[in-house]
There are 2 protein chains.
Amino acid sequence: MRDFEYYAPTRVIFGKDTHLQTGALLKAQGCHRVLIHYGGESALRSGLLKEICRNLAEAGVEYITLGGVVPNPRLSKVREGIDLCRRENVDFLLAVGGGSVIDSCKAIGYGVANPWTDVWNFFLKTETPRACLPIGVVLTIAAAGSEMSDSCVITNEDGWLKRGSSHNSLCRPKFAILNPRLTYTLPRYQTESGCVDILMHTMERYFVNSETMEITDSISESLMQTVIYNARILMKEPGNYNARAEIMWAASLSHNGLTGCGTGGGDWACHQLEHELGGAYDVAHGAGLAAIWGSWARYVYRENPERFAQFAANVFDIPGGRDFEKTALAGIQAMEDFFRSIEMPVSLSQLGLTLSEEEIHRLAFKCSFEDTRTIGVFKQLNMKDMEKIYLAAR
Amino acid sequence: MRDFEYYAPTRVIFGKDTHLQTGALLKAQGCHRVLIHYGGESALRSGLLKEICRNLAEAGVEYITLGGVVPNPRLSKVREGIDLCRRENVDFLLAVGGGSVIDSCKAIGYGVANPWTDVWNFFLKTETPRACLPIGVVLTIAAAGSEMSDSCVITNEDGWLKRGSSHNSLCRPKFAILNPRLTYTLPRYQTESGCVDILMHTMERYFVNSETMEITDSISESLMQTVIYNARILMKEPGNYNARAEIMWAASLSHNGLTGCGTGGGDWACHQLEHELGGAYDVAHGAGLAAIWGSWARYVYRENPERFAQFAANVFDIPGGRDFEKTALAGIQAMEDFFRSIEMPVSLSQLGLTLSEEEIHRLAFKCSFEDTRTIGVFKQLNMKDMEKIYLAAR
């Protein structure tokens, strides 16, 4: 197994009505002025934003608000947030939303705390952030795991580049309020797309082509089984508290580092391939991952069929045997069947994209940083490989 | 499931040679003077202490040392540490050792940071600590999980009272250096006693008589299987790196709060029953727990045989059926068989204690705080119950 560092300092407050602790938690942080950052309609319509504002006011916490974060959050909104925070002397960021809002907060936090450079440089990885404004989260969708994670992903409209930035400590939220009831009203497509994202955060770390750690493997397999079981329940019972709660806690655990202990950094090829789709065509992240995964898996599994066979046996209870290839393929099939059962796409066309070979070439060209990098560790993929996977996923 | 809070902010540095990062980590903490706290012979004999001291000196970190912590760490040593830290203006505590040394550090940290009262009051729970000196850990035995936990246990020689204190945030170590190789030279009895302690930290949280969380159950079951599998390997191969590593990480995960998410606070009756043994007869904590557990389990399982049957099926692969009682008893038997297989006691006599009824009555009298409290939640136990369990364990 690999040496590792595990650092997940976010204080998680989990359960019913926990969002009503927001004001008190912020007060305890001793902040001067908070920016409440949120998305669009749903936080307003549901009354959540009003409830949070009232809660802060009652606790005597000064705040301003900035809405309008969209899925695949934009750099322009980040810049707007940075300017606003500077003008208004904001010293704490409160994300009320899901991964997009939290990621937008993280980028704003970097921008405000590092005035010596432009924030996009952290996503181009030409500079490293030295600080970040503290962040708190009231989560409204279980998916990205950004509420405990060390990373964020932003889309630059100039060229529609979707790029990530990570730092082991700076941007991890100080607290995350996880109230499963806040996710009851999500559209089914978003709920299930979130479930795929959660699975992928575990699978990216699980499918590495090196010795792993037993304890991490079995925690990861447990997490995947829990997500699969409860994602199916939520197809029929969106108001099932226990299923919502299992999924919500799985989201945080899948991406806080726990599922990567001893396994190295993870593969992340599917995420990179999806980022190009998200950047260019603005698809839902989890749905984009579902559309790509099977093609990626069939393209790479021969590097280590035994690993895929272990996955098949321990996640889907597929009887294993000596024929690792057969079991591996049955496992890939089972995951795709699961995606179908929760009405997630298993191809780009099911995702709503009809792409020409030229368009696919352009995706691979961008994903390979103009043919200058490879992605993935289970099998290292160059531009040609990426192209083949996109083509197979059509 | 229950609402919960999860907060495990300790930075874990896991792997080979990681103890050589101690100086740099302390330097980064910006401390003025460190107390290196340790046990006895083994840290000196192995050369570890010398290596750590050299490492700190090279990093330019000022330090003093205090050794002599014993298993079931004593209040007198804690008081000695508090005096020393005050005299020498120590502002950071470095534990080089296992649970006893870490717990002694935590108590010293409370004592120094709360000069307004006597430190024992925090263990009597008549006062609540408001602060704690920051603590770092170089771990030398996988067992107590104190390197990530919120609690510590100290024995007061005046009356031989062994009492715990916990606080969700104050005493959790800032960092924990986990190098599995540092545990190679442990005597087998200590290694295996540690494995029982790890299992018990998960079992105490697992055996609650209320609705739990699927994801927590399956993580707990995974942890238990990993510990059982690798504890057996270590009987024959004490220098097996992977087995040492699995056990070491299991120790931290079993007691950092993860295995209690959504299940309420846990039962802890076995720990309370063992604390009286440890306080009065100075037995190894894990061995004491092994000697008690079976008798506790047989005394309480009828409250919820289905839970014990789930344990039997998922941890020991015992085929389940409708007859929960039968499966439950088979699971208890399987755990006792496992204890025997790693040469751990399953009775007080095997632990080396031959106790009269009068002595057992005295244990129960102390454990029930002179017949004024009950312990446990799976089944609430009063003084009479405790007496019966001790008697059954003879």
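Quick caveat: nothing in here was measured; it's all calculated off a predicted structure.

Peer 1: Explain the interface of chain A and chain B residue by residue, including any values.
Peer 2: Between chain A and chain B, the residue contacts involve 38 residues of the former and 38 residues of the latter. Note on chain A versus chain B: buried area summed over both sides is about 3,400 Å², and carbon and sulfur give 55% of it. For the pair chain A and chain B, the number of links is two salt bridges. One salt bridge in this structure joins R11 of chain A and E5 of chain B, with 2.7 Å as the shortest N-O distance. For the side of chain A that touches chain B, the secondary-structure elements that each account for two or more residues are β1 (4-14), α8 (214-236) and α9 (241-255) of chain A. With 11 residues, β1 of chain A is the single largest residue contributor to the side of chain A that touches chain B. The residue inventory of the side of chain A that touches chain B, partitioned by class, reads 22 nonpolar, nine polar and seven charged. Pairing of β1 of chain A with strand β1 (residues 4-14) of chain B involves seven bridges; the strand directions are antiparallel. Bridge pairing links Y6 of chain A to V12 of chain B in β1 of chain B.

Peer 1: Before we move on, could you go through the nonpolar core and cite the residues and values that matter?
Peer 2: Core analysis: the largest hydrophobic core is formed by 233 residues, its most contacted members being W249, W293 and W296 of chain A together with W249, W293 and W296 of chain B. Per-element tally for this core: the top contributor is helix α8 (residues 214-236) of chain B, with 10 residues. Residue contacts for W296 of chain A: discarding those within four places in its chain leaves F207, D267, A269, C270, F308, F378, L381 and I389 of chain A. L49, V61, V138 and I177 of chain B belong to the second largest nonpolar core, which has 21 residues in total.

Peer 1: So what's going on with the sheet that holds strand β5 (residues 135-139) of chain B? Residues and values would help.
Peer 2: On the basis of which strands lie adjacent, the open sheet formed by 12 strands has the order β3(A)-β2(A)-β4(A)-β5(A)-β8(A)-β1(A)-β1(B)-β8(B)-β5(B)-β4(B)-β2(B)-β3(B) and mixed pairing. If you trace the sheet from one side to the other, it starts and ends with β3 (63-66) of chain A together with β3 (63-66) of chain B, each paired once. Neighbour-to-neighbour, the strand axes of the sheet open up by a mean angle of 25°, direction not taken into account. Pairing between strand β2 (residues 34-38) of chain A and strand β4 (residues 92-97) of chain A: five bridges, direction parallel. Opposite H37 of chain A, over in β4 of chain A, you have A95 of chain A as the bridge partner. Seen against the sheet, helix α4 (residues 75-87) of chain B touches β2 (34-38), β3 and β4 (92-97) of chain B and runs at an angle of roughly 160° to β3 of chain B.

Peer 1: Before we move on, can you summarise the packing of aromatic side chains with the specific residues and values?
Peer 2: A complete count under the given rule lists 43 aromatic pairs over all chains for this structure. Centre to centre, the rings of F207 of chain B and F378 of chain B are 6.1 Å apart; their planes meet at 85°, and the pair counts as edge-to-face. Taken together, the residues F207 of chain B in the loop between α7 (188-206) and α8 and F378 of chain B in the loop between α14 (357-367) and α15 (383-392) connect sequence positions 171 residues apart. You'll find F207 of chain B and F378 of chain B in the same group, each marked buried. Grouped by ring-pair contacts, the aromatic residues Y206, F207, W293, W296, Y301, F308, F311, F316, F338, F339 and F378 of chain B constitute a single cluster. Between R307 of chain A and the ring centre of Y206 of chain A, over which it is positioned, the NZ or CZ distance is 3.9 Å. Looking at R373 of chain A, its charged tip hangs above the ring of F369 of chain A, at a distance of 3.8 Å from the centre.

Peer 1: Please provide a residue-by-residue account of the packing of helix α7 (residues 188-206) of chain A against α8 of chain A, values included.
Peer 2: All names here are of chain A. Where α7 contacts α8, the two axes come as close as 10 Å, and the packing angle between them is 170°. Regarding the angle of α7 to α8, the classification is roughly antiparallel. When α7 is examined against α8, the residues R188, T191, E192, C195, I198, L199, T202, M203 and Y206 are found in contact with a partner set consisting of D217, S220, E221, L223, M224, V227, I228, A231, L234 and M235. Residue composition of the contact of α7 with α8, grouped by class: 12 nonpolar, three polar and four charged.

Peer 1: Which residues make up the relation of the copies chain A and chain B, and what values do they have?
Peer 2: Laying chain A over chain B is done by rotating through 180° and shifting 0.0 Å along the axis; what remains is an RMSD of 0.0 Å. On this basis, the relationship between the two copies can be described by a two-fold rotation axis. Of the C-alpha atoms belonging to chain A, the one lying closest to the rotation axis is found on P9 of chain A, 1.8 Å away. When you check the interface residues of chain A against chain B, 100% turn up at the interface there too, and the contact is symmetric in its surfaces.

Peer 1: Before we move on, can you summarise the pattern of salt bridges with the specific residues and values?
Peer 2: Two side chains with opposite charge may pair up if their charged atoms get near one another. Counted according to the given criterion, the structure contains 35 salt bridges over all chains. Two residues, E62 of chain B and R33 of chain B, come together in a salt bridge whose shortest N-O distance is 2.7 Å. Of this pair, E62 of chain B sits in the loop between α3 (48-59) and β3 while R33 of chain B sits in the loop between α1 (22-29) and β2; the two residues are 29 residues apart in sequence, bridging distant segments of the chain. Of the charged contacts in the structure, one is a salt bridge between D282 of chain B and R74 of chain B, with a shortest N-O distance of 3.3 Å. Taken together, the residues D282 of chain B in the loop between α10 (269-281) and α11 (285-300) and R74 of chain B in the loop between β3 and α4 connect sequence positions 208 residues apart. Look at the salt bridges and you will find they share partners, linking R33, E62 and E88 of chain A into a network.

Peer 1: So what's going on with the confidence of the model for chain A? Which residues, and what values?
Peer 2: Summary statistics for chain A give a mean pLDDT of 95 and a share of 100% for residues scoring 70 or more. Complex prediction metrics read pTM 0.95 and ipTM 0.94.

Peer 1: Go over the environment of D103 of chain A with me, naming the residues and quoting the values.
Peer 2: All names here are of chain A. Mapped onto the secondary structure, D103 falls in helix α5 (residues 99-113). Measuring from C-alpha to C-alpha, the distance between D103 and V78 comes to 9.4 Å, with 25 residues separating the pair along the chain. Apart from residues lying up to four places away in sequence, D103 is in contact with P73, S146, S151, C152, V153 and I154.

Peer 1: I'd like a description of the pairing of β4 of chain B, backed by residues and values.
Peer 2: The two faces of the sheet receive side chains in turn, since in a regular strand these alternate between them. All names here are of chain B. Counting buried residues in β4 gives six out of six residues, a clear majority hidden from the surface. Neither face of β4 is open: one carries F92, L94 and V96, the other L93, A95 and G97, and all of them are buried. Of the strand pairs in this sheet, β4 and β5 are connected by five bridges, and their pairing is parallel. Its bridge partner being in β5, A95 is matched across the sheet by V137.

Peer 1: Quick one: what's the story with unusual backbone geometry, residue by residue and with numbers?
Peer 2: Residues and elements named next belong to chain B. Even without a glycine there, the phi angle at K125 is positive, about 65°. The residue K125 is located in the loop between α6 (120-124) and β5 in this model. Residue E343 is not a glycine yet carries a positive backbone phi of 60°. Within the secondary structure layout, E343 lies in the loop between α13 (324-341) and α14.

Peer 1: Got a sec to walk through helix α9 (residues 241-255) of chain B? Specific residues and values, please.
Peer 2: All names here are of chain B. Its 15 residues place the ends of α9 22 Å apart at the C-alpha level, agreeing with the 21 Å of an ideal helix rising 1.5 Å per residue. Burial of α9 is extensive: 14 of the 15 residues sit out of reach of the surface. Near the N-terminus of α9, the side chain that reaches the backbone nitrogen of N242, with its oxygen 3.1 Å away, is that of N240. Immediately beyond the C-terminal end of α9, within one or two residues, lies G257, with a positive phi of roughly 115°.

Peer 1: Requested: an account of the pairing of strand β7 (residues 161-166) of chain B, with residues and values cited.
Peer 2: Residue and element names in this part refer to chain B. In this structure, strand β6 (residues 151-156) lies alongside β7, joined through six bridges in antiparallel fashion. Among the inter-strand pairings, S151 is bridged to a residue of β7, identified as S166. Between the end of β6 and the start of β7, which pair antiparallel, lie four residues, with G159 showing a positive phi angle near 100°.

Reading the values: the criteria
Residues numbered from 1 in each chain as written. Chains lettered and ligands numbered in written order. Predicted model: local features only at pLDDT ≥ 70, side-chain atom pairs only at ≥ 80, totals over all residues. Heavy atoms only, no water. Contact = heavy atoms within 4.5 Å. Buried area = accessible area lost by both parts, 1.4 Å probe. Salt bridge = Lys/Arg side-chain N within 4 Å of Asp/Glu carboxyl O. Helix = DSSP H or I, 4+ residues; strand = E, 2+ residues; numbered from the N terminus. Nonpolar A, V, L, I, M, F, W, Y, C, P; charged D, E, K, R; others polar. Pairing = 2+ DSSP bridges. Core = buried A, V, L, I, M, F, W, Y, C linked by side-chain atoms within 4.5 Å. Buried < 20%, exposed > 50% of the residue type's maximum accessible area, 1.4 Å probe, protein only. Axes fitted to C-alpha atoms, helices over the stretch in contact; angles between N-to-C directions. Phe/Tyr/Trp six-rings, centres within 6.5 Å; stacked < 30°, edge-to-face > 60°. Lys NZ or Arg CZ within 6 Å of the ring centre and 35° of its normal. Parallel < 35°, antiparallel > 145°, perpendicular 65-115°, else oblique. Least-squares fit on C-alpha atoms with pLDDT ≥ 70 in both. pLDDT = per-residue confidence, 0-100. Expected span 1.5 Å × (residues − 1). Polar contact = N/O pair within 3.5 Å; in protein donor to acceptor, adjacent residues only side chain to side chain.

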